[in-house]
Amino acid sequence: MFGLLLGYAAVRFKVEGNPMAEQIDKILPQTQCGQCNYPGCKPYAEALAKGEADVNLCIPGGNEVMLSIAEITGLEPKALDESVAAEHTPKETAFIDEDVCIGCVLCIKACPVDAIIGATKLMHTVIQSECTGCDKCAPVCPVDCIEMRAPETTLETWQWPEPTSEPKPLASQYLDVNSTTEQRQ
Amino acid sequence: MMTRSPFSRTIIQGIAAVYPMAKRWLHRFHGGIYPKHHKSRSLQHPIKETFIAETLTLPIKTTRGQKIEWLVQVGDTVQKNQCLVQAAKENKKGFFVPLHAPTSGTIKAITEAEFPHPSGLTTQAIIIAPDFKQTTLQNALKVSGKQPDSPQKLKDILLHAGIVGLGGAGFPTYAKIPAQKDRIHTLIINGAECEPFITCDDVLMQTQAEPILQGAEIVAQALGVKQIVCGIESNKPQAIQAMQTAANQIKSVPITVKTVEAVYPMGGEKQLVLELTGIEMPVKTHAIDSGLLVFNVATFAAIFKAVTQGEPLTQRLVTVAGFELQTPYNTYALLGTPFIDLVNAGQPKNPIQYPLIMGGPMMGFQVAHNEVPVIKTTNCILANPPEPSTFTMPCIRCGECMDACPVNLLPQQLYWHSQAHEFDKVEKLNVFDCIECGCCSYVCPSHIPLVQYYRHAKSEIKTLHAEQQAAELAKQRYEFRLARIEREKQEREARLKAKKEAVKKHSPTAEPGKSAPKKPSVAAAAARAAAAKRAAAKANKNTEHSGTDEQKSPPLSARQKAIETAQKQAAAKVGSKVATAKDPRDSAKKSAKKAAVIAAAKRRTQAQKTTDTITTEEKKVTPQPPSNIATAPPLEDAKAKRQKAMEAAKKRAAERKARQSKQEKTE
């Protein structure tokens with residue numbers, strides 16, 4: 001009786017796809033950078049769900065993502081590769097030096113999120129809001145006109161700094177104020 | 001908790017002598033603090049005459065993607081009240097109010113200049129060199145002077161006047177006003193001004209009570225408001241008196257001037273609304289959702305000037321105060337006046353060697369450089385020397401901050417989680433309801449900069465959300481790209497196959513040199529593919545009709561069928577010609593034979609049916625006269641021709657190479 005019920009339930013409420021892979025895919029940064037040696041974030045998530053991949057391969061995600069992956073998969077957390085972890089930098093986006101660009105479309109082909117626009121023998125440019133900073137376009141450029149830049153801070157994106165536990169004496173800031181004041185005058 | 005009777009007030013004040021926090025029973029909202037007012041000194045002096053600085057800097061703050069239209073160029077001479085910059089017509093993003101010249105002069109430059117902001121970042125700015133003549137553009141807004149009878153008319157005037165909330169938030173006033181009439185039942189005039197040191201609203205109410213209330217009347221009549229309530233803190237008796245007198249003269253709308261307790265942060269919108277009306281505004285709603293509209297007194301005065309005289313917002317009353325000033329004062333400061341000039345006019349005891357504060361001591365911030373200009377939201381400039389830095393001690397969980405919080409949050413919990421970077425928990429504890437009033441930091445015995453933690457947490461959470469959105473977008477785009485690549489691949493494969501078949505079809509029959517062009521155009525290939533398909537549809541029918549069973553894999557897609565039939569067709573042609581010739585291509589021969597049989601069968605059946613009409617399809621299928629007597633010469637002929645063509649091609653290639661090398665040499 002129960003067997004039937006359970007059997008029916010298994011058919012009726014069958015989960016499409018791999019729920020774990022989707023869960024992992026959600027926490028991955030979606031840069032599609034391929035630094036995990038998988039072609040994108042989803043393939044890596046699928047490999048993780050199958051238990052074929054290590055938890056510490058996502059470099060842009062850093063430690064936080066590694067920990068949440070370990071939590072979801074139930075695997076042991078593993079420290080990120082030291083040499084790579086040290087390089088972990090805040091988010092950057094690609095910039096094309098438009099004077100140097102020759103319009104070879106190689107970067108357009110390399111971009112995993114179609115964030116570069118342009119055409120053959122015409123200047124290319126990066127849509128900043130779409131760029132994930134995966135750094136895939138920079139190495140393929142034959143004239144080295146792509147560089148990764150940190151986004152500019154504006155009044156909108158500026159963040160309040162985190163208070164330090166020991167407030168630094170304010171006087172040091174003021175000296176700075178005066179010097180620039182004089183310079184300006 | 002309703003307003004207390006005078007008797008209970010006396011009792012509570014008696015208790016407060018022993019238990020100071022009993023004062024909190026006198027107002028409706030939770031918590032609140034009682035810092036020293038420090039207001040009397042700047043009130044002693046009359047309003048100082050407006051002073052014109054050497055240069056006026058007008059920074060323009062735009063949000064991302066906002067488009068603005070410059071109405072002036074460098075070198076232009078401008079009059080006072082002339083519009084300098086406005087939102088572009090195609091601008092659809094955010095709210096941008098125009099900016100007007102505060103005085104007459106010339107546009108010296110349009111460059112990057114520092115914005116009065118804790119970050120010290122720069123924005124685009126117009127720099128005016130005043131000519132000190134004050135030539136004024138009268139009625140710059142071209143108003144009729146009549147009271148607007150619909151909300152939209154009022155909104156238009158306020159937009160063109162560049163009026164923003166002058167209390168401190170600086171939200172464009174026109175955007176705050178609803179477009180429909182009768183959505184607002186109560187208009188609230190915010191005259192609480194609870195921050196220490198600031199007296200500009202107090203002074204304004206004392207001197208400009210009538211314009212303020214007439215401004216309120218204009219708004220009330222345009223929006224169909226039923227009543228106006230004005231809340232003034234009890235520590236401003238002269239302002240209350242002046243406002244009461246002015247209120248008695250206005251008959252069109254009932255105006256009540258209410259005295260509220262002098263407690264910080266009484267001037268907060270939610271706090272004042274609760275105090276005056278008893279309405280507690282729900283989380284994540286605006287006053288308008290509760291049928292209320294709250295403006296600062298200075299905003300009403302600006303509205304009055306704009307509507308009646310057509311004067312845009314180019315100056316505002318600013319309090320210049322601080323412990324360091326000998327004569328703190330209030331003045332109508334022109335927008336763009338550097339802070340340091342205003343402070344120096346207040347006779348500082350020592351030269352200013354520290355950052356000035358914009359706003360009050362509770363919610364204000366230190367500016368990065370003291371030359372930053374006065375903007376529309378500058379209500380106060382404070383010259384307070386920095387307090388000796390106090391060391392932060394560990395939280396002792398005393399709960400003082402919780403008692404002081406005017407929005408019923410749990411500052412201590414927020415602090416723990418912000419410190420531990422558990423921003424999801426901070427968000428769950430409603431950190432976005434925090435008004436950053438600073439009550440918690442003020443009461444903290446351990447001197448923890450609580451508000452700074454919340455500000456940091458807020459910006460972190462905002463960034464996180466933005467990143468999540470970006471990741472979602474990236475995912476979508478990535479998946480779309482994969483799908484697109486897959487689709488393109490399939491299309492290309494199909495095209496390639498069709499082309500191959502087409503080449504096969506042509507090469508043996510026609511002259512090889514010409515029939516196999518080196519770069520057949522895609523269009524031609526597509527056309528051939530389409531022709532093949534069409535023919536395939538017919539041929540398929542025929543195969544079924546004739547009952548032959550060459551189709552070894554029955555479930556074939558239309559495309560595959562098309563390809564197969566195209567092969568057959570091609571083979572049929574070849575076969576018809578070279579059936580007896582010894583062809584090394586066995587498979588082709590076999591299929592050719594089969595196709596020939598089919599073709600023959602088809603022709604027979606068709607001939608039986610209709611002898612008169614010859615369909616185009618038939619022509620296609622049987623381009624050559626049917627003959628089983630094949631001859632060898634054509635094939636040899638073709639071979640020879642191919643060889644010839646090859647040789648010619650080789651010659652041409654050699655020639656081209658030689659030419660290129662020559663060119664290189666000459667270059």
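Worth saying up front: this structure is predicted, and the values here are computed from it rather than measured.

Asks: Give me the overall build of chain A: which residues, what numbers.
Replies: Within chain A, the secondary structure is distributed over eight helices and four strands. For chain A, the succession of helices and strands along the chain, N to C, is α-α-α-α-α-β-α-β-β-α-β-α. Here chain A holds 185 residues, and 24% of them are scored as buried.

Asks: I'd love a proper account of the domain arrangement of chain B, names of residues and values included.
Replies: Residue and element names in this part refer to chain B. When its domains are assigned, chain B resolves into domain 1 (1-31), domain 2 (143-312), domain 3 (391-506) and domain 4 (522-629). Measuring from the centre of the C-alpha atoms in domain 1 to the corresponding centre in domain 2 gives 28 Å. On the domain 2 side, the residues contacting the four residues of domain 1 number five residues. Classifying every residue of the side of domain 1 that touches domain 2 by side-chain character gives two nonpolar, one polar and one charged.

Asks: Talk me through the sheet that holds strand 14 (residues 357-358) of chain B; I want residue IDs and the actual numbers.
Replies: Residue and element names in this part refer to chain B. Spatial strand order, 13-12-16-14-15: five strands in an open sheet with mixed pairing. The open sheet is flanked by strand 13 (329-334) and strand 15 (365-366), the only strands paired with a single partner. The sheet contact formed by strand 12 (residues 315-321) and strand 13 spans six bridges and is antiparallel. Paired with Leu317 across the bridge in strand 13 is Tyr332. The strands touched by helix 5 (residues 200-207) are strand 12, strand 13 and strand 16 (380-382); relative to strand 12, the strand with the most contacts, the crossing angle is about 125°.

Asks: Break down the confidence of the model for chain A for me, with residues and values.
Replies: Per-residue pLDDT for chain A has a mean of 78; in total, 82% of the residues score no lower than 70. This stretch, residues 167-185 of chain A, has a pLDDT under 50; its non-local contacts, to residues over four places away or in other chains, come to 16 contacts.

Asks: Kindly report on the packing of helix 5 of chain B against helix 9 (residues 297-309) of chain B, identifying the contributing residues and their values.
Replies: The relative placement of two packed helices comes down to the angle between their axes together with the axis-to-axis distance. All names here are of chain B. Following both chains from N to C, one finds helix 5 and helix 9 inclined at 45°, their axes separated by 9 Å at the closest point. By the angle class used here, helix 5 and helix 9 are oblique. Between helix 5 and helix 9, the residues in contact are Asp201, Leu204 and Met205 and Val297, Ala298 and Ala301, respectively. Across the contact of helix 5 with helix 9, the residue classes tally to five nonpolar, no polar and one charged.

Asks: Quick one: what's the story with the environment of Ser8 of chain B, residue by residue and with numbers?
Replies: Assignment of secondary structure puts Ser8 of chain B in helix 1 (residues 6-18). Sequence spacing of Ser8 of chain B and Gln134 of chain B is 126 residues, and the spatial spacing of their C-alpha atoms is 56 Å.

Asks: Give me helix 3 (residues 151-161) of chain B: which residues, what numbers.
Replies: Each α-helix turn comprises 3.6 residues. Residues three or four places apart therefore point the same way. Residues and elements named next belong to chain B. Along helix 3, eight of the eleven residues are buried, which leaves the element largely enclosed by surrounding structure. Among the residues of helix 3, Pro151, Leu154, Lys155, Ile157, Leu158, Leu159, His160 and Ala161 are the ones counted as buried. Those residues of helix 3 hidden inside the fold are in contact with helix 4 (173-176), helix 6 (209-223) and helix 9. Once helix 3 ends, the next one or two residues include Gly162, with phi positive near 70°.

Asks: I'd like a description of the sheet that holds strand 6 (residues 105-114) of chain B, backed by residues and values.
Replies: Sheets are built from strands paired through backbone hydrogen bonds, the pairs being either parallel or antiparallel. Residue and element names in this part refer to chain B. As summarised here, the arrangement of the four strands in space is 1-7-6-3, forming an open sheet in which the pairing is antiparallel. Only two strands of the sheet have a single partner each, and these edge strands are strand 1 (56-60) and strand 3 (77-78). The sheet contact formed by strand 1 and strand 7 (residues 122-130) spans five bridges and is antiparallel. Bridge pairing in strand 7 places Leu56 opposite Ile128.

Asks: Give a detailed account of the interface of chain A and chain B, specifying residues and quantitative values.
Replies: With 31 residues of chain A in contact, the opposing surface of chain B contributes 32 residues. A per-class count over the side of chain A that touches chain B returns 13 nonpolar, twelve polar and six charged.

Asks: Please set out unusual backbone geometry residue by residue, giving values where relevant.
Replies: The general pattern is negative phi for most residues beyond glycine and trans for most peptide bonds. With an omega dihedral of 0°, the bond running from Tyr264 of chain B to Pro265 of chain B counts as a cis peptide bond. One can find Pro265 of chain B in the loop between strand 10 (255-260) and helix 8 (269-277). Positive phi values are uncommon outside glycine, yet Gln32 of chain A reaches one of about 55°. Relative to the assigned elements, Gln32 of chain A resides in the loop between helix 2 (19-27) and helix 3 (41-50). When the 27 C-beta atoms within 10 Å are taken as the criterion, Gln32 of chain A is described as buried. Phi at Glu193 of chain B takes a positive value of approximately 45°, unusual for a residue other than glycine. With respect to the helices and strands, Glu193 of chain B occurs in the loop between strand 8 (186-191) and helix 5. Assessed through the 30 C-beta atoms surrounding it within 10 Å, Glu193 of chain B is described here as buried.

Asks: Outline the domain arrangement of chain A, listing residues and values.
Replies: Residues and elements named next belong to chain A. Splitting chain A by domain gives domain 1 (16-87) and domain 2 (93-149). In this complex, domain 1 contributes six residues to the contact, which on the side of domain 2 involves seven residues. Per-class residue counts for the side of domain 1 that touches domain 2 are one nonpolar, five polar and no charged.

Asks: Outline the nonpolar core, listing residues and values.
Replies: With 134 residues, the main nonpolar core has Ile188, Met243, Ile303 and Ile381 of chain B as its most contacted residues. Counting contributing residues per domain, this core is built from domain 2 (143-312) and domain 3 (391-506) of chain B, each supplying no fewer than three. Among the nonpolar cores identified, the runner-up in size contains 16 residues, and Leu28, Leu48, Cys58 and Met66 of chain A belong to it.

Rules used in this analysis
Residues numbered from 1 in each chain as written. Chains lettered and ligands numbered in written order. Predicted model: local features only at pLDDT ≥ 70, side-chain atom pairs only at ≥ 80, totals over all residues. Helix = DSSP H or I, 4+ residues; strand = E, 2+ residues; numbered from the N terminus. Buried ≥ 20, exposed ≤ 12 C-beta atoms within 10 Å, placed from the backbone. Domains from an automatic or database assignment. Contact = placed C-beta atoms within 7 Å. Nonpolar A, V, L, I, M, F, W, Y, C, P; charged D, E, K, R; others polar. Pairing = 2+ DSSP bridges. Axes fitted to C-alpha atoms, helices over the stretch in contact; angles between N-to-C directions. pLDDT = per-residue confidence, 0-100. Parallel < 35°, antiparallel > 145°, perpendicular 65-115°, else oblique. Core = buried A, V, L, I, M, F, W, Y, C linked by C-beta atoms within 7 Å.

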